[in-house]
Amino acid sequence: MKRKRIDIITLGCSKNLVDSEQLMRQLEEVGYSVTHDTENPQGEIAVINTCGFIGDAKEESINMILEFAERKEEGDLKKLFVMGCLSERYLKELAVEIPQVDKFYGKFNWKELLQDLGKVYHDELYIERTLTTPQHYAYLKISEGCDRKCSYCAIPIITGRHISKPMEEILDEVRYLVSQGVKEFQVIAQELTYYGIDRYKKQMLPELIERISDIPGVEWIRLHYAYPAHFPTDLFRVMRERDNVCKYMDIALQHISDNMLQLMRRQVSKKDTYRLIEQFRKEVPGIHLRTTLMVGHPGETEEDFEELKEFVRKVRFDRMGAFAYSEEEGTYAAESYEDSIPQEVKQARLDELMDIQQGISAELSAEKIGKQMKIIIDRLEGDYYIGRTEFDSPEVDPEVLVKRSERELKIGQFYQVEVTNADDFDLYAKIINDYE
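Residues numbered from 1 in each chain as written. Predicted model: local features only at pLDDT ≥ 70, side-chain atom pairs only at ≥ 80, totals over all residues. Heavy atoms only, no water.

The name given to the protein chain in an unreviewed UniProt entry is Ribosomal protein uS12 methylthiotransferase RimO, with Bacteroides xylanisolvens SD CC 1b as the source organism. Regarding the protein chain, the relevant UniProt record gives this comment under Subcellular location (unreviewed entry): "Cytoplasm". Word for word, the UniProt comment on the protein chain under Catalytic activity (unreviewed entry) is "L-aspartate(89)-[ribosomal protein uS12]-hydrogen + (sulfur carrier)-SH + AH2 + 2 S-adenosyl-L-methionine = 3-methylsulfanyl-L-aspartate(89)-[ribosomal protein uS12]-hydrogen + (sulfur carrier)-H + 5'-deoxyadenosine + L-methionine + A + S-adenosyl-L-homocysteine + 2 H(+)". (UniProt positions renumbered as here; feature names shortened; annotations may be inferred.)

This part is about the UniProt feature "domain: TRAM" (unreviewed entry) in the protein chain. As annotated in UniProt, the feature "domain: TRAM" (unreviewed entry) corresponds to residues 366-433 in the numbering used here. The annotated region residues 366-433 carries 1% helix and 51% strand content, and the separation between its end C-alpha atoms amounts to 22 Å. (Helix = DSSP H or I, 4+ residues; strand = E, 2+ residues; numbered from the N terminus.)

Quick look at the sheet that holds strand S9 (residues 184-188) now. Taken in spatial order, the six strands of this open sheet run S6-S9-S10-S11-S12-S13, and their pairing is parallel. Each edge of the open sheet is held by one strand with a lone partner, namely strand S6 (137-141) and strand S13 (319-324). Adjacent strand axes in the sheet meet at a mean angle of 15 degrees when their direction is disregarded. Here S6 pairs with S9 via five bridges, running parallel. (Pairing = 2+ DSSP bridges. Axes fitted to C-alpha atoms, helices over the stretch in contact; angles between N-to-C directions.)

Now for empty space enclosed by the protein. In total, this model carries four cavities of 30 Å³ or more according to the counting rule given. By volume, the largest cavity amounts to about 60 Å³. In terms of lining, the largest cavity is formed by Arg 319, Ser 365, Lys 368, Thr 389, Asp 392, Pro 398, Glu 399, Val 400, Phe 425 and Leu 427. Of the residues that constitute the lining of the largest cavity, the class distribution is four nonpolar, two polar and four charged. (1 Å grid on protein atoms, 1.4 Å probe; cavity = no way out; pocket = protein on both sides within 12 Å on 5 of 7 lines; lining within 4 Å. Points joined across faces, edges and corners; volume = space filled by probe spheres on them. Nonpolar A, V, L, I, M, F, W, Y, C, P; charged D, E, K, R; others polar.)

The next subject is the side chain of Glu 128. Position of Glu 128 relative to the elements: it lies in the loop between helix H4 (111-116) and S6. One polar contact links Glu 128 to Arg 25, side chain to side chain, over a distance of 2.9 Å. Apart from the residues within four sequence positions on either side, Glu 128 is in contact with Gln 22, Arg 25 and Tyr 176. (Polar contact = N/O pair within 3.5 Å; in protein donor to acceptor, adjacent residues only side chain to side chain. Contact = heavy atoms within 4.5 Å.)

Further remarks concern the layout of surface pockets. Considered as a void within the structure, the second largest pocket measures approximately 430 Å³ in volume. The wall of the second largest pocket is formed by 16 residues, among which Gln 22, Lys 111, Glu 144, Lys 165 and Glu 169 lie closest to the centre. Listed by contribution, the elements that provide at least two residues to the lining of the second largest pocket are helix H1 (14-29) and strand S8 (163-164). With three residues, H1 is the single largest residue contributor to the lining of the second largest pocket. A class-by-class count of the residues in the lining of the second largest pocket yields seven nonpolar, two polar and seven charged. Both domains that meet at the lining of the second largest pocket, namely domain 1 (5-125) and domain 2 (137-367), each give it at least three residues. (Domains from an automatic or database assignment.)

Written out as structure tokens, the structure reads:
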């Protein structure tokens, strides 16, 4: 156990990761040595940043808390703190159930943790973070919360109403991160397209992205977690005109059947969805679409599922994830519908949907063989340098593998490559030349 050392453990999404990075910077400022390593914790204090989105995530968070509670009981840890979404939602229950934890904090009051350690929060560092990602990319959170009322989702219950960060503050944060060597920004929010409505009374995402793209040193901007209803169509122009705005959109569609979209309270129809996808592909040539779909929501019939499969085959998403419905207490679905679809049926539908997508992914990857692409190198792993194209977000999308024996490459640098081979998800490539 090392004195004045704190271990931060982050679970869940990249929005949580940003919170952890801000906390790490504050802790370092007041004299702590901070590590972000779940596998080898050695500090006298641990902070677990939890996720509470769905059942599996809650279970993972609770197991992690119990594991560290045991370490504390065995004397390997002096203090244990818990923050994030799970403790925001179940703070009182957790405090009773796991008394080994010194204090539980919600998602937004983690600044109190510094006070409880006898330290002060440094307001002047509000845009600074200690990056846990490779130095060349960072996640950029532009808002908190969500005003949508989707039937299945507990996020608005946990995080509250949508709150947009001031635009100038976001731009200052980008300039700071560029000064730290960041070239690539993953722009994240629970719901990107709502940005600005609460603060500026209109959708401001297109203007924000345009202004970020004007900042010298910003090489790639990638957009995550958009909503299909009332999509800000001026964003098409920005994506088309700006070379440093990646032709990539992560937009969770969830389903295509009008019956399901209505039960899910998605504020969008089948017709709207097809029209939006068509618009994307027409207005932004070459765009790669990532989506997330859900199976097994209450009321999903075999006909609805067949319609969803047909949708996936027809649209041929470049990137797709899917998950089975998990009933979350307090949501509209939990209070209004019966979770009557058996777990094995949900799992079978999920497997079938992902099998269809795997075949599509393999075909789309094979089509890239022989093409030249710009990639950024993330890391060296075994016999390969691992990179990504503008169509690939870190950790969730395919990667590009370049043989280490070919030549020495620099992490965080851009290279022009030719794709030589492909499997279901990843590409293999050779270097053509460097990008300055």
